[in-house]
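Tertiary structure, described
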Amino acid sequence: MIVDIHGHYTTAPKALEAWRNRQVAGIGNPAETPEVSELRIGDDELRESIESNQLRLMRERGLDLTIFSPRASFMAHHIGDFQVSSNWAAICNELCYRVSRLFPDHYAPAAMLPQSPGVDPATCIPELVKCVEQFGNVAINLNPDPSGGHWSSPPLSDRYWYPIYEKMIEYDIPAMIHVSTSCNPCFHTTGAHYLNADTTAFMQCLTSDLFKDFPTLRFIIPHGGGAVPYHWGRFRGLAQEMKKPLLKDHLLNNIFFDTCVYHQPGVDLLTRVIPVDNILFASEMMGAVRGIDPETGHHYDDTKRYIEAAHIDPARRHKIYEANTRRVYPRLDAALKAKGR
(Lines give C-alpha, C1' and ligand atoms only; values in the text may rest on other atoms or scores of the structure.)
Protein backbone atom coordinates (compact mmCIF):
# COMPACT_ATOMS: atom_id res chain seq x y z
CA MET A 1 0.00 0.00 0.00
CA ILE A 2 1.16 3.53 -0.77
CA VAL A 3 -0.13 6.17 1.63
CA ASP A 4 0.23 9.87 0.82
CA ILE A 5 0.25 11.66 4.17
CA HIS A 6 0.02 15.18 2.75
CA GLY A 7 -3.13 15.94 0.80
CA HIS A 8 -5.23 19.11 0.88
CA TYR A 9 -8.69 19.75 -0.51
CA THR A 10 -7.47 22.21 -3.12
CA THR A 11 -10.27 21.39 -5.59
CA ALA A 12 -13.28 22.04 -3.37
CA PRO A 13 -16.40 23.31 -5.17
CA LYS A 14 -16.38 27.04 -5.89
CA ALA A 15 -19.27 27.57 -3.49
CA LEU A 16 -16.80 27.15 -0.62
CA GLU A 17 -14.59 30.01 -1.73
CA ALA A 18 -17.65 32.18 -2.46
CA TRP A 19 -18.94 31.61 1.08
CA ARG A 20 -15.51 32.40 2.51
CA ASN A 21 -15.34 35.66 0.54
CA ARG A 22 -18.66 36.68 2.04
CA GLN A 23 -17.46 35.74 5.50
CA VAL A 24 -14.33 37.86 5.10
CA ALA A 25 -16.38 40.79 3.77
CA GLY A 26 -18.58 40.48 6.82
CA ILE A 27 -15.65 41.22 9.14
CA GLY A 28 -15.93 44.87 8.16
CA ASN A 29 -19.68 44.81 7.64
CA PRO A 30 -21.44 42.29 9.90
CA ALA A 31 -24.65 42.62 7.86
CA GLU A 32 -22.88 40.78 5.04
CA THR A 33 -21.79 37.83 7.19
CA PRO A 34 -23.33 34.62 5.82
CA GLU A 35 -24.85 31.93 7.98
CA VAL A 36 -23.12 28.56 7.95
CA SER A 37 -26.40 27.04 6.76
CA GLU A 38 -26.20 29.13 3.58
CA LEU A 39 -23.33 27.00 2.27
CA ARG A 40 -24.87 24.13 0.34
CA ILE A 41 -22.59 21.60 -1.36
CA GLY A 42 -24.13 18.30 -2.36
CA ASP A 43 -22.48 14.90 -2.42
CA ASP A 44 -22.47 14.84 -6.20
CA GLU A 45 -20.46 18.06 -6.26
CA LEU A 46 -17.96 16.57 -3.82
CA ARG A 47 -17.66 13.40 -5.89
CA GLU A 48 -17.03 15.36 -9.07
CA SER A 49 -14.42 17.58 -7.41
CA ILE A 50 -12.49 14.52 -6.22
CA GLU A 51 -12.99 11.97 -9.00
CA SER A 52 -11.85 14.28 -11.77
CA ASN A 53 -8.90 15.66 -9.82
CA GLN A 54 -7.09 14.07 -6.87
CA LEU A 55 -8.55 10.59 -7.21
CA ARG A 56 -7.84 10.53 -10.93
CA LEU A 57 -4.19 11.35 -10.31
CA MET A 58 -3.93 8.92 -7.42
CA ARG A 59 -5.06 6.13 -9.73
CA GLU A 60 -2.74 7.24 -12.53
CA ARG A 61 0.23 7.38 -10.15
CA GLY A 62 -0.53 4.19 -8.23
CA LEU A 63 -1.35 5.73 -4.84
CA ASP A 64 -3.81 3.97 -2.55
CA LEU A 65 -4.76 6.33 0.27
CA THR A 66 -4.38 10.02 1.09
CA ILE A 67 -4.54 11.72 4.48
CA PHE A 68 -6.76 14.63 3.52
CA SER A 69 -7.01 18.00 5.22
CA PRO A 70 -8.40 21.44 4.36
CA ARG A 71 -6.46 23.57 1.91
CA ALA A 72 -3.48 24.98 3.81
CA SER A 73 -3.41 28.41 2.20
CA PHE A 74 -7.15 28.78 2.89
CA MET A 75 -6.76 28.28 6.66
CA ALA A 76 -5.69 31.95 6.87
CA HIS A 77 -5.82 32.10 10.65
CA HIS A 78 -4.76 35.75 10.60
CA ILE A 79 -8.12 36.80 9.11
CA GLY A 80 -10.79 37.88 11.56
CA ASP A 81 -11.16 36.68 15.13
CA PHE A 82 -11.57 33.30 16.79
CA GLN A 83 -15.23 33.03 15.85
CA VAL A 84 -14.39 33.59 12.19
CA SER A 85 -11.72 30.88 12.36
CA SER A 86 -14.01 28.57 14.31
CA ASN A 87 -16.81 28.69 11.75
CA TRP A 88 -14.37 28.36 8.86
CA ALA A 89 -12.49 25.41 10.37
CA ALA A 90 -15.72 23.58 11.16
CA ILE A 91 -16.94 23.95 7.56
CA CYS A 92 -13.65 22.86 6.00
CA ASN A 93 -13.19 19.92 8.35
CA GLU A 94 -16.70 18.67 7.68
CA LEU A 95 -16.10 18.74 3.93
CA CYS A 96 -12.95 16.63 4.29
CA TYR A 97 -14.88 14.23 6.50
CA ARG A 98 -17.62 13.95 3.90
CA VAL A 99 -15.01 13.19 1.23
CA SER A 100 -13.63 10.43 3.45
CA ARG A 101 -17.13 8.97 3.80
CA LEU A 102 -17.76 9.10 0.05
CA PHE A 103 -14.37 7.51 -0.72
CA PRO A 104 -13.53 5.50 2.41
CA ASP A 105 -10.91 3.34 0.67
CA HIS A 106 -8.97 6.36 -0.58
CA TYR A 107 -9.18 9.16 2.00
CA ALA A 108 -8.68 9.57 5.74
CA PRO A 109 -9.39 13.01 7.25
CA ALA A 110 -7.03 15.29 9.15
CA ALA A 111 -8.24 18.49 10.82
CA MET A 112 -7.30 22.12 10.69
CA LEU A 113 -7.67 23.95 14.00
CA PRO A 114 -9.57 27.22 14.56
CA GLN A 115 -6.45 29.09 15.58
CA SER A 116 -6.39 32.86 15.89
CA PRO A 117 -3.46 35.19 16.70
CA GLY A 118 -3.15 35.90 20.41
CA VAL A 119 -5.95 33.50 21.35
CA ASP A 120 -5.29 30.66 23.80
CA PRO A 121 -4.75 27.43 21.78
CA ALA A 122 -6.98 25.65 24.30
CA THR A 123 -9.92 27.23 22.45
CA CYS A 124 -9.15 24.83 19.58
CA ILE A 125 -9.75 21.72 21.66
CA PRO A 126 -13.53 21.37 21.10
CA GLU A 127 -13.00 21.26 17.31
CA LEU A 128 -10.14 18.79 17.73
CA VAL A 129 -12.29 16.55 19.95
CA LYS A 130 -15.20 16.67 17.51
CA CYS A 131 -12.99 15.82 14.55
CA VAL A 132 -11.39 12.83 16.27
CA GLU A 133 -14.44 11.44 18.06
CA GLN A 134 -17.14 12.16 15.46
CA PHE A 135 -15.24 12.37 12.16
CA GLY A 136 -12.53 9.79 12.82
CA ASN A 137 -9.67 12.17 12.06
CA VAL A 138 -6.25 10.56 12.23
CA ALA A 139 -4.19 13.75 12.63
CA ILE A 140 -4.26 17.52 12.92
CA ASN A 141 -2.50 20.37 11.16
CA LEU A 142 -0.93 22.80 13.62
CA ASN A 143 0.00 26.30 12.48
CA PRO A 144 3.01 27.60 14.45
CA ASP A 145 2.38 31.12 13.11
CA PRO A 146 -1.33 32.03 13.04
CA SER A 147 -0.32 35.66 12.40
CA GLY A 148 0.50 34.82 8.78
CA GLY A 149 4.18 35.66 8.59
CA HIS A 150 4.75 37.94 11.58
CA TRP A 151 5.56 35.16 14.08
CA SER A 152 3.79 36.71 17.04
CA SER A 153 3.12 33.41 18.83
CA PRO A 154 5.54 31.76 21.26
CA PRO A 155 7.77 28.97 19.91
CA LEU A 156 6.38 25.45 19.75
CA SER A 157 8.39 24.55 22.82
CA ASP A 158 6.49 27.05 24.98
CA ARG A 159 3.88 25.89 27.49
CA TYR A 160 1.44 28.06 25.53
CA TRP A 161 0.96 25.08 23.19
CA TYR A 162 0.75 22.39 25.86
CA PRO A 163 -3.08 22.08 25.88
CA ILE A 164 -2.93 20.96 22.24
CA TYR A 165 -0.09 18.55 22.94
CA GLU A 166 -1.90 17.03 25.90
CA LYS A 167 -4.91 16.31 23.70
CA MET A 168 -2.70 14.87 20.98
CA ILE A 169 -1.18 12.48 23.52
CA GLU A 170 -4.62 11.51 24.80
CA TYR A 171 -5.84 10.66 21.29
CA ASP A 172 -2.47 9.34 20.07
CA ILE A 173 -2.47 11.52 16.97
CA PRO A 174 0.39 13.38 15.27
CA ALA A 175 0.43 16.96 14.05
CA MET A 176 1.72 18.19 10.73
CA ILE A 177 3.37 21.54 11.42
CA HIS A 178 1.93 23.59 8.58
CA VAL A 179 1.59 27.35 8.23
CA SER A 180 -0.99 29.05 6.03
CA THR A 181 -1.05 32.07 3.76
CA SER A 182 1.59 34.72 4.32
CA CYS A 183 0.26 38.25 4.71
CA ASN A 184 3.85 39.52 5.01
CA PRO A 185 5.05 40.69 1.56
CA CYS A 186 8.59 39.66 2.46
CA PHE A 187 7.61 35.98 2.40
CA HIS A 188 6.01 34.32 -0.60
CA THR A 189 3.52 31.80 0.79
CA THR A 190 4.64 28.56 -0.85
CA GLY A 191 8.16 29.53 -1.93
CA ALA A 192 9.38 31.06 1.32
CA HIS A 193 6.88 31.11 4.20
CA TYR A 194 6.21 27.36 4.14
CA LEU A 195 9.88 26.42 3.95
CA ASN A 196 10.89 29.03 6.53
CA ALA A 197 8.30 27.61 8.89
CA ASP A 198 9.49 24.03 8.39
CA THR A 199 13.04 25.02 9.26
CA THR A 200 11.93 27.25 12.13
CA ALA A 201 9.78 24.52 13.70
CA PHE A 202 12.69 22.10 13.65
CA MET A 203 15.02 24.65 15.25
CA GLN A 204 12.47 25.50 17.94
CA CYS A 205 12.39 21.85 18.89
CA LEU A 206 16.17 21.52 18.72
CA THR A 207 16.78 24.37 21.15
CA SER A 208 14.25 23.03 23.66
CA ASP A 209 13.58 19.96 25.76
CA LEU A 210 9.98 19.67 24.59
CA PHE A 211 10.12 15.93 24.06
CA LYS A 212 11.26 15.34 27.63
CA ASP A 213 7.86 16.67 28.68
CA PHE A 214 6.08 14.79 25.86
CA PRO A 215 8.17 11.75 24.93
CA THR A 216 5.43 10.32 22.68
CA LEU A 217 4.52 13.57 20.91
CA ARG A 218 4.89 13.28 17.12
CA PHE A 219 5.40 16.10 14.60
CA ILE A 220 5.57 15.80 10.83
CA ILE A 221 7.57 18.59 9.25
CA PRO A 222 6.39 18.81 5.65
CA HIS A 223 8.02 19.81 2.37
CA GLY A 224 10.98 17.57 3.09
CA GLY A 225 11.79 19.52 6.26
CA GLY A 226 12.56 22.84 4.59
CA ALA A 227 16.30 23.49 4.88
CA VAL A 228 16.86 20.81 7.51
CA PRO A 229 18.21 17.88 5.45
CA TYR A 230 20.36 20.16 3.31
CA HIS A 231 21.93 21.71 6.43
CA TRP A 232 21.98 18.61 8.63
CA GLY A 233 25.61 19.26 9.59
CA ARG A 234 24.71 22.77 10.75
CA PHE A 235 21.95 21.44 13.00
CA ARG A 236 24.15 18.67 14.38
CA GLY A 237 26.85 21.24 15.13
CA LEU A 238 24.44 23.66 16.79
CA ALA A 239 23.02 20.88 18.96
CA GLN A 240 26.55 19.95 19.97
CA GLU A 241 27.39 23.57 20.92
CA MET A 242 24.20 23.73 23.00
CA LYS A 243 25.18 20.53 24.83
CA LYS A 244 22.10 18.77 23.47
CA PRO A 245 22.05 15.03 22.87
CA LEU A 246 22.75 13.66 19.41
CA LEU A 247 19.91 14.56 17.07
CA LYS A 248 18.92 10.92 16.65
CA ASP A 249 18.22 10.80 20.38
CA HIS A 250 17.11 14.40 20.90
CA LEU A 251 14.57 14.74 18.05
CA LEU A 252 14.24 11.75 15.76
CA ASN A 253 11.99 9.74 18.03
CA ASN A 254 9.44 12.51 17.62
CA ILE A 255 10.02 14.37 14.35
CA PHE A 256 9.35 13.01 10.87
CA PHE A 257 9.73 14.44 7.37
CA ASP A 258 7.59 14.01 4.28
CA THR A 259 8.70 13.63 0.66
CA CYS A 260 7.11 16.77 -0.80
CA VAL A 261 10.36 17.57 -2.57
CA TYR A 262 9.90 18.12 -6.26
CA HIS A 263 13.03 16.92 -8.01
CA GLN A 264 15.18 13.80 -7.95
CA PRO A 265 18.35 15.31 -6.42
CA GLY A 266 16.29 16.66 -3.52
CA VAL A 267 14.72 13.30 -2.74
CA ASP A 268 18.09 11.60 -3.14
CA LEU A 269 19.56 13.95 -0.54
CA LEU A 270 16.59 13.47 1.81
CA THR A 271 16.87 9.68 1.70
CA ARG A 272 20.64 9.75 2.20
CA VAL A 273 20.73 12.23 5.08
CA ILE A 274 17.58 11.50 7.09
CA PRO A 275 17.16 7.99 8.57
CA VAL A 276 14.59 6.02 6.60
CA ASP A 277 12.48 5.47 9.73
CA ASN A 278 11.81 9.21 9.78
CA ILE A 279 10.62 9.64 6.19
CA LEU A 280 6.95 9.40 5.18
CA PHE A 281 5.70 9.39 1.61
CA ALA A 282 3.76 12.48 0.49
CA SER A 283 3.12 14.52 -2.62
CA GLU A 284 0.79 17.43 -1.70
CA MET A 285 -0.74 16.61 -5.07
CA MET A 286 -2.53 19.47 -6.84
CA GLY A 287 -1.11 21.78 -4.23
CA ALA A 288 1.82 24.16 -4.26
CA VAL A 289 3.50 23.02 -7.51
CA ARG A 290 1.14 21.69 -10.17
CA GLY A 291 3.08 22.09 -13.40
CA ILE A 292 5.07 19.70 -15.56
CA ASP A 293 8.86 19.68 -15.25
CA PRO A 294 10.26 20.35 -18.76
CA GLU A 295 13.39 18.40 -17.83
CA THR A 296 11.45 15.19 -17.20
CA GLY A 297 8.09 15.61 -18.89
CA HIS A 298 6.34 14.60 -15.66
CA HIS A 299 4.51 16.57 -12.99
CA TYR A 300 6.77 18.02 -10.34
CA ASP A 301 4.51 16.64 -7.60
CA ASP A 302 4.59 13.04 -8.89
CA THR A 303 6.89 12.19 -6.02
CA LYS A 304 6.46 8.43 -6.31
CA ARG A 305 8.76 8.56 -9.36
CA TYR A 306 11.52 10.02 -7.22
CA ILE A 307 11.15 7.38 -4.51
CA GLU A 308 11.20 4.61 -7.13
CA ALA A 309 14.39 6.05 -8.65
CA ALA A 310 16.15 6.70 -5.35
CA HIS A 311 19.00 4.41 -4.34
CA ILE A 312 17.07 2.55 -1.65
CA ASP A 313 16.18 -1.09 -1.37
CA PRO A 314 12.58 -2.44 -1.39
CA ALA A 315 12.48 -2.80 2.40
CA ARG A 316 13.34 0.88 2.92
CA ARG A 317 10.90 1.88 0.19
CA HIS A 318 8.14 -0.06 1.98
CA LYS A 319 8.89 1.86 5.17
CA ILE A 320 8.54 5.18 3.35
CA TYR A 321 5.36 4.17 1.52
CA GLU A 322 3.47 2.50 4.35
CA ALA A 323 5.16 1.06 7.43
CA ASN A 324 6.38 4.35 8.91
CA THR A 325 2.97 5.96 8.39
CA ARG A 326 1.19 3.15 10.21
CA ARG A 327 3.54 3.68 13.15
CA VAL A 328 3.28 7.49 13.21
CA TYR A 329 -0.51 7.52 12.61
CA PRO A 330 -1.80 4.72 14.88
CA ARG A 331 -5.44 5.70 14.41
CA LEU A 332 -5.02 5.25 10.67
CA ASP A 333 -3.32 1.91 11.25
CA ALA A 334 -6.22 0.74 13.44
CA ALA A 335 -8.80 1.86 10.87
CA LEU A 336 -6.96 0.04 8.08
CA LYS A 337 -6.62 -3.12 10.13
CA ALA A 338 -10.33 -3.02 10.90
CA LYS A 339 -10.91 -3.16 7.13
CA GLY A 340 -8.43 -5.99 6.69
CA ARG A 341 -5.83 -3.78 5.02
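Residues numbered from 1 in each chain as written. Predicted model: local features only at pLDDT ≥ 70, side-chain atom pairs only at ≥ 80, totals over all residues. Heavy atoms only, no water.

What follows is about the overall build of the chain. For the chain, the helix and strand inventory stands at 15 helices and nine strands. What you see for the chain is a C-alpha radius of gyration of 19 Å, in line with the 20 Å of a compact globule of 341 residues. For the C-alpha atoms alone, the extent of the chain along its principal axes is close to 55 × 45 × 40 Å. For the chain, contacts bridging at least 24 residues in sequence account for 75% of all contacts bridging at least 6. Total accessible area on the chain stands at roughly 14300 Å², and carbon and sulfur atoms take up 52% of it. Averaging the positions of the 34 positive and the 40 negative side-chain charges in the chain gives two centres separated by 4 Å. (Helix = DSSP H or I, 4+ residues; strand = E, 2+ residues; numbered from the N terminus. Rg over C-alpha atoms; globule rule 2.2 N^0.38 Å. Contact = heavy atoms within 4.5 Å. Areas by Shrake-Rupley, 256 points an atom, 1.4 Å probe, with all protein chains shown as cover. Lys, Arg positive; Asp, Glu negative; His and termini not counted. Charge placed at Lys NZ, Arg CZ, Asp CG, Glu CD.)

Okay, helix 3 (residues 54-61) next. An α-helical segment advances 3.6 residues per turn. Residues three or four places apart therefore align on the same side. Three or more residues of helix 3 are buried, namely Gln54, Leu55, Leu57, Met58 and Arg61. The arc that holds every buried residue of helix 3, seen down its axis, measures 160°, which confines them to one face. The exposed set on the far side of helix 3, more than 90 degrees from its buried face, consists of Arg59 and Glu60. Where helix 3 ends, the next residue or the one after it, Gly62, has phi of about 80°, a positive value. (Buried < 20%, exposed > 50% of the residue type's maximum accessible area, 1.4 Å probe, protein only. Arc of directions from axis to C-beta.)

Right, let's get into the packing of helix 14 (residues 314-328) against helix 15 (residues 330-338). Taken N-terminus to C-terminus, the directions of helix 14 and helix 15 make an angle of 110°; their axes are 5 Å apart at the nearest point. Considered as vectors, helix 14 and helix 15 are oriented roughly perpendicular to each other. Contact residues: helix 14 offers Thr325, Arg326, Arg327 and Val328, while helix 15 offers Pro330, Leu332, Asp333, Leu336 and Lys337. Here the residues of the contact of helix 14 with helix 15 sort into four nonpolar, one polar and four charged. (Axes fitted to C-alpha atoms, helices over the stretch in contact; angles between N-to-C directions. Parallel < 35°, antiparallel > 145°, perpendicular 65-115°, else oblique. Nonpolar A, V, L, I, M, F, W, Y, C, P; charged D, E, K, R; others polar.)

Scanning all chains against the criterion turns up 15 salt bridges. With a shortest N-O distance of 2.9 Å, Asp302 and Arg305 are connected by a salt bridge. Residue Arg305 is classed as partly exposed on the basis of its relative accessible area of 42%. A single network of salt bridges, built from pairs that share partners, joins Glu322, Arg326, Asp333 and Lys337. (Salt bridge = Lys/Arg side-chain N within 4 Å of Asp/Glu carboxyl O.)

Here the focus is the sheet that holds strand 3 (residues 107-109). In space, the three strands of this open sheet follow the order 1-2-3, with parallel pairing throughout. With partners counted over all chains shown, the strands left at the sheet margins are strand 1 (3-9) and strand 3, one partner each. Averaged over all neighbouring strand pairs, the angle between strand axes comes to 35°, with direction disregarded. Here strand 1 pairs with strand 2 (residues 65-70) via five bridges, running parallel. Directly across from His8, in strand 2, lies its bridge partner Ser69. (Pairing = 2+ DSSP bridges.)

Once that is clear, we can look at the environment of Pro222. Inspection of the secondary structure assignment puts Pro222 in the loop between strand 7 (219-221) and helix 10 (232-241). Distance from Pro222 to Glu295, taken between C-alpha atoms, is 25 Å for residues 73 residues apart in sequence.

Okay, the packing of aromatic side chains next. Taken as a whole and judged by the stated rule, the model has 16 aromatic pairs. Here Phe202 and Trp232 contribute two aromatic rings whose centre-to-centre distance is 5.9 Å and whose plane-to-plane angle is 45°, an arrangement assigned as tilted. In this pair, Phe202 is assigned in helix 8 (residues 189-206) and Trp232 in helix 10, connecting sequence segments 30 residues apart. The buried category is assigned to Trp232, whose relative accessible area is 13%. An aromatic cluster is defined as three or more aromatic residues linked by ring pairs; in this entry it consists of Tyr162, Tyr165, Phe211, Phe214 and Phe219. (Phe/Tyr/Trp six-rings, centres within 6.5 Å; stacked < 30°, edge-to-face > 60°.)

For the rest of this paragraph, the subject is unusual backbone geometry. Non-glycine residue His223 carries a positive phi angle of around 55°. Position of His223 relative to the elements: it lies in the loop between strand 7 and helix 10. Its identity is not glycine, yet Glu284 carries a phi of approximately 50°, on the positive side. Mapped onto the secondary structure, Glu284 falls in the loop between strand 9 (279-280) and helix 13 (303-309). Of the residues examined, Glu284 reaches a relative accessible area of 3% and is grouped as buried.

Of all hydrophobic cores here, the largest spans 80 residues; its most connected members are Tyr165, Phe202 and Phe219. Here this core gets eight residues from one element, more than from any other, and that element is helix 5 (residues 82-102). Each residue touching Phe219, except ones within four places of it in the same chain, is listed here: Tyr165, Met168, Ala175, Ile177, Cys205, Leu210, Phe211, Asn254, Ile255 and Phe256. Ile67, Ala108, Leu280 and Val328 belong to the second-largest nonpolar core, a separate cluster that totals 19 residues. (Core = buried A, V, L, I, M, F, W, Y, C linked by side-chain atoms within 4.5 Å.)

All right, on to the environment of Asp198 then. Tracing the sequence through the fold places Asp198 in helix 8. As a C-alpha pair, Asp198 and Gly28 span 170 residues in sequence and 33 Å in three-dimensional space. Residues within four places of Asp198 in sequence aside, it is in contact with Ile177, Ile221, Pro222, His223, Gly225 and Gly226.

Spatially, 4-5-6-7-8-9 is the arrangement adopted by the six strands of the open sheet, whose pairing is parallel. With partners counted over all chains shown, the strands left at the sheet margins are strand 4 (111-112) and strand 9, one partner each. As defined by bridge partners, strand 5 (residues 140-142) adjoins strand 6 (residues 175-177) across three bridges and the pair is classed as parallel. In the strand pairing of strand 6, Leu142 is matched with Ile177. Contacts from helix 7 (residues 162-171) reach strand 5, strand 6 and strand 7, with the element oriented near 160° to strand 5.

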